[in-house]
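Listed here are the chains, written in short residue letters.
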Amino acid sequence: MRATIAITLIAGLLAGCAPTQQEYQATVTALQGSPRLRTEALNNCVQRLSRLDKSTLHDGAVLMNVSDKDAPRVGCARMQKALVSGRATYQDAVDITNNRMTPRVIKIFRDR
């Protein structure tokens, strides 16, 4: 169950599905303890984001300063890195799902 939550949370964050605080905390804990789960979650996130329209992908690529082709993988990897390290807060997750680009969210996607 936690694996499913973790795999869907990262993709969901970037696709607009807000987690509960308990789901967020469980996901972070699960990701921190499992390299295999991180790999599966990253791959699932990339697949889901790759289906976004080209304009959205382009906007993300510009924000992250990467190619349009690399935007899904880089965005997912940076979000996951912030989750696992504890740098991304529950509020950041809520802001991302609600398309609120706060300074903290921008720093996460710029890997700063």
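The present account deals with the structure reproduced in this document. (Residues numbered from 1 in each chain as written. Predicted model: local features only at pLDDT ≥ 70, side-chain atom pairs only at ≥ 80, totals over all residues. Heavy atoms only, no water.)

**Section: helix H6 (residues 90–97)**
The buried count for H6 comes to six of eight residues, which makes it a mostly enclosed element. Buried residues of H6: Asp92, Ala93, Val94, Asp95, Ile96 and Thr97, and no others. After H6 finishes, the residue Asn99 shows a positive phi value of roughly 55 degrees. (Buried < 20%, exposed > 50% of the residue type's maximum accessible area, 1.4 Å probe, protein only. Helix = DSSP H or I, 4+ residues; strand = E, 2+ residues; numbered from the N terminus.)

**Some points on the packing of aromatic side chains**
Here the structure, examined in full by the defined rule, presents one aromatic pair. Arranged with centres 5.8 Å apart and planes meeting at 65 degrees, the rings of Tyr24 and Tyr90 form a pair that is edge-to-face. Pair noted here: Tyr24 is in helix H2 (residues 21–32) and Tyr90 is in helix H6, with a separation of 66 residues, a long-range link. The class for Tyr24 is buried, based on a relative accessible area of 7%. (Phe/Tyr/Trp six-rings, centres within 6.5 Å; stacked < 30°, edge-to-face > 60°.)

**Side note on unusual backbone geometry**
Residues other than glycine seldom take positive phi values, yet Asn99 does so here, at roughly 55 degrees. Tracing the backbone through its elements, the reader meets Asn99 in the loop between H6 and helix H7 (103–110). In this structure Asn99 comes out as exposed when scored by relative accessible area, which is 67%. Although it is not a glycine, Asp111 adopts a positive phi angle of roughly 60 degrees.

**Focus on the nonpolar core**
Ranked by internal contacts, the top residues of the largest apolar core, which has 19 residues, are Tyr24, Met79, Leu83, Ala88 and Phe109. Put simply, the parts of the chain that give this core at least two residues each are H2, helix H3 (35–49), helix H4 (54–64), helix H5 (71–85), H6 and H7. Counting residues per element, this core draws most heavily on H5, which supplies five residues. (Core = buried A, V, L, I, M, F, W, Y, C linked by side-chain atoms within 4.5 Å.)

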